[in-house]
Amino acid sequence: MTNIPAQAAMGWSSPERPADTRSRARLRDLIPSIAAVVVLTLSHFAYGAVQPIAALALSAAMTGIAAVMLLAAGPRHTTFGMLFGAVILAAAALTGLAGPLDRSGASLAVLFAAGAMWSIGYVAARHRSALDAIWTTMIWGSIAYCGWMFASDVATSSAGSGLAIIDAFETPANGAIVFGLMSLVGMARILHIVKQMYSEGLPGSHMIDRLLREGLSGLLLLIVSLTCLALSGSMPGLIMTAAVLVGHVWWDLLSILTRSRSGLLARLAAFTLPLGAIALACWGIGMGWVHDETIAPGIGQSETLPNLQRIAAYMAAWAQSPALGHGLGSIDAVGAQSQTLFNAKAMLAPGQAHNVFVTWLVETGLVGLSLLMMLLASMHGRILGALGSRRIPRTFPRLAIVASMLMLMHGATDSSLDLPSAVWMYALILGAACGVASGGRSSQRNSSHAAKGG
């Protein structure tokens, strides 16, 4: 198995291989990785791939790229989780447990593509060049997308032509999720460079120059994504993203802020940043629950919070089929059947249930939600366990954790996470983090075996 620190020191390649063999290996790893992120970027441009035809076409492309990458990498990179997920989805489709294919087909394709993107990230994480290619392509693709959205918004406001950001998504929360994830990717790049500078002991006069040279892409992405986030019209989304960004900065730079040579301001930041992140998170979640951005005030509004009205209606529908649910893609039909004069305004608002857990319960029942939660818990357990090791790079594992926090807050507050491009982007980040974590565990096992043998 591979040794992560040794590979990092050698540029993640084996010196015994001839140069042409190393080049072919790098191209074999790089091309599928870059192609996958290009398709992901196209899904953003396709308005998140919310239309079934776009979801099916892009899902097929992602699945094909993942198959090519796994075949090139060999069977040792295929995990039990990949096979289990593919078998479960295929069985649900073939047996009809997922519902009629004319209704569930797009949702099944999106889930299968999410597994494909996770696999691509997982395999790429075992090769430094492939992971760097994914990261760089994702950053510049996101910059291009945010730039296009900002230009369209400016054109709309100035000349009345183009597409405003606030109108490009079904709900403001959907836009907030996409731009929030992109801001986290940009911040991760900036923090990665900052930690490198401090580890090398660079003087302050050289830090700004180094940050502008190597971290320019991260700075650009952070600025344009937050600008687009502000224009998306989601105040809770902006506050929750700010909470996660502040928490990410504190977590990633804690060792620098608390070292013995740190000044008073650094130590004060180490104490106040987590408190600020918690306060912002509570503020954003509370605002998301109390103020529904998809419902205009006025006639038809009840004293009961819209989120509570939707939860009550959908949970009553779930009780009719608690084990297996009503099938993928059924949430709209179930919502239509659950409308009453009392909850009509809340149920007719875009965004379905506005809660990913309720949506999964209604569509897949306790069985589907339990499988999803066990799968995510297994991934995060692996990532968190690897974070305790100093033998692995921690940028992607920490990025995955903070991305999960953002997705969790939105999923439980104001979104059903029904935007395929955001799900695919999150799956890619999570797969890369699991790949890095698995590489670190393999390295630790090798070291312990070598110590016992010695």
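These figures come from a predicted structure and were not determined experimentally.

In terms of helices and strands, the protein carries 17 helices and zero strands. Counting every position in the protein, which comprises 454 residues, the buried fraction comes to 48%. Considering only contacts within the protein whose residues lie at least 6 apart along the sequence, 77% involve residues at least 24 apart. Element-wise, carbon and sulfur atoms account for 69% of the exposed surface of the protein, whose accessible area totals about 20400 Å².

For the rest of this paragraph, the subject is the pattern of salt bridges. Scanning the model with the defined rule gives five salt bridges in all. Ionic pairing is found between D252 and K195, a salt bridge with its closest N-O pair at 3.1 Å. Placement of D252 in helix α10 (residues 235–257) and of K195 in helix α7 (residues 172–200) is noted, with a sequence separation of 57 residues between them. Classification of D252 as buried rests on a relative accessible area of 3%. Salt bridges linked by common partners bring K195, D252 and R398 together as one network.

Right, let's get into the packing of aromatic side chains. Two aromatic rings, taken as a pair, are described by how far apart their centres are and by the angle between their planes. Using the criterion set out here, one finds nine aromatic pairs in the structure. A ring pair is formed by F80 and F84, whose centres lie 5.8 Å apart and whose planes are at 20°; its orientation type is stacked. Pair noted here: F80 and F84 are both in helix α4 (residues 80–95), with a separation of four residues, about one helical turn. Both rings, one in Y145 and one in W148, keep their centres 6.4 Å apart while their planes meet at 40°; by these two values the pair is tilted. Pair noted here: Y145 and W148 are both in helix α6 (residues 128–159), with a separation of three residues, about one helical turn. Of the residues examined, W148 reaches a relative accessible area of 31% and is grouped as partly exposed. Taken together, the aromatic side chains of F45, Y47, Y145, W148, F169 and F179 make up a single cluster linked through ring pairs.

Moving on: the packing of α4 against helix α5 (residues 101–124). Where α4 meets α5, the closest approach of the two axes is 10 Å, and the angle between their N-to-C directions is 175°. Taken as axis vectors, α4 and α5 run roughly antiparallel relative to one another. Residue-level contacts link M82, A86, L89 and A93 of α4 to L101, L108, L111, F112, W118, S119 and Y122 of α5. Grouping the amino acids of the contact of α4 with α5 by side-chain chemistry returns ten nonpolar, one polar and no charged.

We now examine the environment of L222. Within the element layout of this structure, L222 appears in helix α9 (residues 216–231). For L222, a relative accessible area of 13% translates into the label buried. Sequence separation of L222 and L184 is 38 residues, and the distance between their C-alpha atoms is 7.6 Å. Beyond its immediate stretch of four places on either side in the chain, L222 contacts S183, M187, I190 and L245.

What follows is about the packing of α10 against helix α16 (residues 395–411). The geometry of α10 relative to α16 is characterised by a closest axis approach of 10 Å and an angle of 155° between their N-to-C directions. The orientation of α10 relative to α16 falls into the category roughly antiparallel. Here α10 runs over α16; the crossing is right-handed. Counted together, G237, M240, T241, V244, H248, W251 and D252 of α10 and R398, I401, V402, L406, M409 and H410 of α16 form the full contact between these two elements. For the contact of α10 with α16, the residue count by class is seven nonpolar, four polar and two charged.

Attention shifts here to the nonpolar core. Counting residues in hydrophobic clusters, the biggest one holds 96 residues, and the most contacted among them are M117, I120, F169, F179, V185 and W424. The element contributing the most residues to this core is α7, with 15 residues. Once residues within four sequence positions are removed from consideration, M117 is found in contact with A36, L40, M62, W424, A427 and L428. Membership of the second largest hydrophobic core comes to twelve residues, among which are W318, V334, M347 and V358.

What follows concerns the side chain of T413. Among the secondary structure elements, T413 is positioned in the loop between α16 and α17 (420–453). Reaching out from T413, the side chain makes a polar contact with the backbone oxygen of M409 at a distance of 2.6 Å. Setting aside residues no more than four positions away along its own chain, T413 makes contact with I285, G288, W289, N307 and H354.

The periodicity of an α-helix, 3.6 residues per turn, causes residues three or four places apart in sequence to face the same way. Between its first and last C-alpha, helix α12 (residues 306–318) extends 18 Å over 13 residues, near the 18 Å set by a 1.5 Å rise per residue. Considered for burial, the residues of α12 that qualify are P306, N307, Q309, R310, A313, Y314, A317 and W318. The arc that holds every buried residue of α12, seen down its axis, measures 165°, which confines them to one face. For α12, the secondary structure elements touched by its buried residues are α11 (264–290), α13 (331–337), α14 (344–348) and α15 (356–387).

If a probe as big as a water molecule is rolled over the atoms, it shows which places are left empty. Per the stated rule, a full pass over the model turns up one cavity of 30 Å³ or more. There is about 80 Å³ of room inside the largest cavity. Every residue lining the largest cavity is counted, 14 residues in all, and those nearest its centre are H291, D292, E293, H354 and D414. Elements supplying a minimum of two residues to the lining of the largest cavity: α7 and α12. A per-class count over the lining of the largest cavity returns three nonpolar, seven polar and four charged.

Before going further, it helps to examine the confidence of the model for the protein. Of the residues in the protein, 88% have a pLDDT of 70 or more, and the chain-wide mean is 86. Segment residues 1–25: pLDDT under 50, and 30 contacts once partners within four positions in sequence are set aside and those in other chains are kept. This model gives residues 443–454 a pLDDT under 50, and the stretch forms ten contacts once residues within four places in sequence are excluded.

Criteria and thresholds
- Starting from 1, residues in each chain are numbered consecutively following that chain's sequence as written.
- Restriction of local features to residues with pLDDT of at least 70 applies here, the model being predicted, together with a cutoff of 80 or more for giving and counting side-chain atom pairs; totals for whole chains, interfaces and linings are based on all residues.
- To get the side-chain values, take all heavy atoms of the structure and skip hydrogens and water.
- Each helix is a run of DSSP H or I of at least 4 residues and each strand a run of E of at least 2, with the numbering of both proceeding from the N terminus.
- Relative accessibility thresholds used throughout: buried, under 20% of the residue-type maximum; exposed, over 50%; partly exposed, between the two (1.4 Å probe, protein chains only).
- Contact definition: two residues touch when any of their heavy atoms are within 4.5 Å.
- To measure how exposed things are, a 1.4 Å probe is used in the Shrake-Rupley method; for residues, cover is taken only from the protein chains shown.
- Note on definitions: salt bridges are taken to be side-chain nitrogens of Lys or Arg within 4 Å of carboxyl oxygens of Asp or Glu.
- Classification of ring pairs uses Phe, Tyr and Trp, with its six-membered ring standing for Trp, and accepts pairs whose centres are within 6.5 Å; under 30 degrees between planes counts as stacked, over 60 as edge-to-face, and the remaining range as tilted.
- Fitted lines through C-alpha atoms serve as axes, helices being fitted only where they are in contact, and the angles separating the N-to-C directions of these axes extend from 0 to 180 degrees.
- Any angle between 65 and 115 degrees counts as roughly perpendicular, while under 35 counts as roughly parallel, over 145 as roughly antiparallel, and the rest as oblique.
- Residue polarity follows a fixed list, in which Ala, Val, Leu, Ile, Met, Phe, Trp, Tyr, Cys and Pro are nonpolar, Asp, Glu, Lys and Arg are charged, and the others, Gly among them, are polar.
- Note on convention: the crossing is left-handed when the near helix lies turned anticlockwise from the far helix by less than a right angle, right-handed when the turn is clockwise.
- We define a nonpolar core as any set of buried Ala, Val, Leu, Ile, Met, Phe, Trp, Tyr and Cys residues linked to one another through side-chain atoms lying within 4.5 Å.
- The term polar contact refers here to a pair of N or O atoms within 3.5 Å; inside protein, the definition further demands a hydrogen-donor-capable atom paired with an acceptor-capable atom, and it admits residues adjacent in sequence only when both atoms are side-chain atoms.
- Multiplying 1.5 Å by the helix residue count minus one yields the expected span of that helix.
- What the arc describes is the spread of directions from the helix axis to the C-beta atoms.
- Think of a 1 Å grid over the protein atoms and nothing else: a 1.4 Å probe that fits but is trapped marks a cavity, an open set flanked by protein within 12 Å on at least five of seven lines marks a pocket, and residues with an atom within 4 Å of a point count as lining.
- Grid points are joined across faces, edges and corners, and a volume is the space filled by probe spheres set on the points.
- What pLDDT reports is the predictor's confidence in each residue, on a scale of 0 through 100.

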